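Listed below are the residues making up each chain.
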Amino acid sequence: MAAAPPAATGAAPGLRSAFAPPDRVRAFSALIALALIVLYNIIFTTNFLTLNTFNANLTQVATIVIVGVGMTFVIATGGVDLSVGSLMAIAGTIAPLFLLDANQFGAPWVGLALAIIVPLLVTTLCGLFNGTLVTAIGLQPIIATLVLFLGGRGIAQLIVNGELREFRNLGSPLVPSFEFIGLGQVAGVRFQIIIMAAVVIVAAWLLRATTFGRYVLATGGNASAARLAGVPVRRVLLGVYCLSGLLAGYGLIVVAINKSSDPHRVGEYMELDAIAAVAVGGTPLSGGRATILGTLIGALIIQLLRFTLIAHNIQDGITRMVIAVAIVIAVLAQRQRAS
Amino acid sequence: MASVFTTNAATPRSLTRERAISALQRQGALIALIVLALFGVIRYGPKFYSIYNIFDAFLNNNTYYALIALGMTFVIITAGIDLSVGSVAVLAAVTAARLSGLGLVPAVGGAVLIGLAIGLINGGLIARFALQPFVVTLAMLLFARGAALTLSDNAPVMVDFAAGFTELGSLHVGPVPLPVIITAVLYVLCALLLNRTRFGRHVLAIGGNEEAARLAGIPVGRTLLLVYAMSGALAGLAGVFLAALSFSGSPTGAIGWELSAIAAVVVGGTLLTGGVGSVGSTLIGVLLLGLIFVILNFERGQGTFQLNSFWENLIRGAFLLVVVIFQSRLARSGAEHRQGG
């Protein structure tokens, strides 16, 4: 493991591509697993290829993909962000506060804009807080993000006094516009898909084609070597935790889809799903390498696995056990390929 | 060069300072515990230090966290982490409730064995395949919760009152409830295990430097396997107590227990980087966290402030934050002084 140079150095590219083209092979084997699940469903699950099935899975997949992309960047630096689920709950409970009255902030569009911008800003700041604990205080990422994992949901619960808020009954003319970002369509394509595609494309570009992406991988490969080579490690770490926080702001859209904000449920277990998607997609949890496409495929696998089990009336409990086993198998398979 | 002279000149003072720092790091939680307890005694009077409040309301309800934190101490000393303990406790509670009709011994034995088995799987995957503890135990968190839901048909399982299982929760020796006594005995045994046995030295050595421990001939794999097995078995026992005291095994309970346990271990002064730690300091951490919530409850009872239960998560998070920042500052300034000397 230690012998493999970080991708950023690009040492001996000929050898590497000949014996261990890691990202492509990993993403490829995940793709085969995905194809098998889809094939199984086409044959054995009734009504699999319908719009209903597609819509039923879309919200969940989009959430895992978007939060998972942020997690991919954090994991690429050798860290982890356990706070994403709680941050989703914060974003989800803040957003409706701006929709109560159309003219609360002068003009209706101002309230709508605030309902989107403020939650994203708050979760990004939460990410900055995580990053500061990691860089300035030197806490391990698990512990640093544990603080907001615990406290974040408490904040969300306090914002709405622990109540489930249904805002479709508010009668505010802003609510339909807010719902549009969750359920609306642009040229026949669900808005969610557009957001998901945009996030994946921008993230893949960030990771592959920018200095920031190369810095992220270098930091995860070997932080002290990266520092000596002039990589601004602190700023890179702050950047990835902010990005993860920003993407966890997607919780506001989950709330828009559900037409209600529930501080206990929004984003629950999302850190698990996101980490699982990253691991199943082939990004090594030790950092230094990452694949956004893999995370997309990993998220599809996790959700389709869950859907398949539910569609065949398998109990929720057994579904969780199967997904746990899938995570372990994915991590084991990665390790064997790495060694 | 210059540093040699300055260090020499400052030796007595820097030694005192280093001692003060290490005493504060070791005893900070204890001092806070004593101060809080005194505060409670003075402010709330006999209601606070009544035998019922101390032994039954306070100590008995903290046995779960105490047991989980005990296993977690060993895991964290090896520089690992066990996120599965809350789910394992729930699975054990459901198992104990299901088996409670067969009597006390099968219910306790079965539940602890289930915890042990899951701990062995954790340890096996971590030791044999060199997987990261947080991923393995995170997957096991999901697995054990799923197993608990399956075993309980998604609903709380009531215990069988006829077969004697609930006596585990109601028996007292003098004023002291049985779970408290069992927990205390386990703490003493584990303290001896860590400080007086070869196994304990191996645990500390692995956390200090796993590669060096391996080169020194320490059976790293076997030690890690045992540490995670212990954590699983203790979580299983915590689940048994939960079932005995709440008269049911609920598949949806114990969410976030792993985090409370980690917080207690850290608050006690055990370093998350491994290699350092003690059983006694974990006990202090557990009691301190428990006492804070007792005092908040008393204040709420006196109407000082209106706190709903959602503050609990927030306070836990904030408390963990303050402690880890304090701890890392102390550890850092301690290390700088040692380097200087």
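How each quantity is defined
Residues numbered from 1 in each chain as written. Chains lettered and ligands numbered in written order. Predicted model: local features only at pLDDT ≥ 70, side-chain atom pairs only at ≥ 80, totals over all residues. Helix = DSSP H or I, 4+ residues; strand = E, 2+ residues; numbered from the N terminus. Buried ≥ 20, exposed ≤ 12 C-beta atoms within 10 Å, placed from the backbone. Contact = placed C-beta atoms within 7 Å. pLDDT = per-residue confidence, 0-100. Axes fitted to C-alpha atoms, helices over the stretch in contact; angles between N-to-C directions. Left-handed = near helix turned anticlockwise from the far one by under 90°. Nonpolar A, V, L, I, M, F, W, Y, C, P; charged D, E, K, R; others polar. Expected span 1.5 Å × (residues − 1). Core = buried A, V, L, I, M, F, W, Y, C linked by C-beta atoms within 7 Å. Bend = angle between axes of the 7 residues up to and from the residue.

A word on the overall build of chain A
Across its full length, chain A carries 15 helices and four strands. Relative to its 339 residues, chain A shows a buried fraction of 50%.

With respect to the overall build of chain B
A tally of regular secondary structure across chain B gives 15 helices and four strands. A burial count over chain B gives 46% of its 341 residues as buried. When contacts within chain B are restricted to residue pairs at least 6 apart in sequence, those whose partners lie at least 24 apart make up 79%.

As for the confidence of the model for chain B
On average, residues of chain B score 86 in pLDDT, and 89% of them are at 70 or above. For this predicted complex, the interface confidence comes out at an ipTM of 0.82, alongside a pTM of 0.83.

A closer look at the packing of helix α4 (residues 63-77) of chain B against helix α14 (residues 279-301) of chain B
Residues and elements named next belong to chain B. The geometry of α4 relative to α14 is characterised by a closest axis approach of 10 Å and an angle of 145 degrees between their N-to-C directions. Seen from above, α4 lies across α14 with right-handed handedness. Facing α4, whose interface residues are Y65, A66, A69, L70 and T73, α14 presents V279, T282, L283, G285 and V286. For the contact of α4 with α14, the class distribution of residues is seven nonpolar, three polar and no charged.

Quick notes on helix α12 (residues 220-246) of chain B
For α12 of chain B, spanning 27 residues, the distance from its first C-alpha to its last is 39 Å, which sits close to the expected 39 Å at 1.5 Å a residue. At the exit of α12 of chain B stands F247 of chain B, carrying a positive phi of roughly 60 degrees.

Here we look at the packing of helix α5 (residues 108-137) of chain A against helix α7 (residues 174-183) of chain A
Residue and element names in this part refer to chain A. In contact at an axis separation of 10 Å, α5 and α7 are set at 40 degrees when each is read in the N-to-C sense. In terms of crossing hand, the pair formed by α5 and α7 is right-handed. Note on element contacts: α7 touches α5 through L174, S177 and F178, opposite P108, G111, L112 and A115. Classifying every residue of the contact of α5 with α7 by side-chain character gives five nonpolar, two polar and no charged.

Let's talk about the interface of chain B and chain A
Each side of the interface is counted separately: chain B has 35 residues, and chain A has 36 residues. Counting residues per element, the ones that place at least two in the side of chain B that touches chain A are α6 (104-129), α7 (133-151) and α15 (310-340) of chain B. No other element matches the 13 residues that α7 of chain B contributes to the side of chain B that touches chain A. Its residues placed into classes, the side of chain B that touches chain A shows 25 nonpolar, eight polar and two charged.

Focus: the environment of T183 of chain B
Residue and element names in this part refer to chain B. With respect to the secondary-structure elements, T183 resides in helix α9 (residues 178-196). Along the primary structure T183 and E312 are separated by 129 residues, whereas in three dimensions their C-alpha atoms are 25 Å apart. In contact with T183, not counting residues within four places along its chain, are T63, A66 and L67.

Notes on the nonpolar core
Counting 202 residues, the largest nonpolar core has I327 of chain A together with I68 and A89 of chain B as its most contacted members. No other element matches α12 of chain B, which puts 17 residues into this core. Not counting the four nearest positions on each side in its chain, A89 of chain B is found in contact with Y64, I68, A235, A238, G239, L242, A254 and W257 of chain B.

Quick notes on the environment of S224 of chain A
One can find S224 of chain A in helix α10 (residues 223-228). Separated by 55 residues in sequence, S224 of chain A and A279 of chain A place their C-alpha atoms 25 Å apart.

A few points about unusual backbone geometry
All names here are of chain B. Positive phi values are uncommon outside glycine, yet A130 reaches one of about 55 degrees. Exposure remark for A130: the 12 C-beta atoms within 10 Å place this residue in the exposed category. The backbone of F247 shows a phi angle near 60 degrees, a positive value even though the residue is not glycine. Note on placement: F247 falls in the loop between α12 and β4 (248-249).

Looking at the confidence of the model for chain A
Per-chain confidence: chain A averages 84 in pLDDT, with 89% of residues scoring 70 or above. Summarising per-element confidence for chain A, the mean pLDDT is lowest in helix α1 (residues 13-19) of chain A (39) and highest in helix α11 (residues 233-248) of chain A (97).

What to know about helix α6 (residues 141-159) of chain A
Residues and elements named next belong to chain A. Its 19 residues give α6 an end-to-end C-alpha distance of 26 Å, which sits within 8% of 27 Å, the value for a rise of 1.5 Å per residue. At G151, α6 shows its largest bend, some 30 degrees. Counting buried positions over the 19 residues of α6 gives 17, a clear majority of the element. Backbone geometry just downstream of α6 places N161 in the positive-phi region, at approximately 60 degrees.

Topic: the environment of I117 of chain A
Residue position: I117 of chain A is located in helix α5. In the structure, I117 of chain A is positioned 67 residues away from T50 of chain A in sequence and 35 Å away in space, judged by C-alpha atoms.

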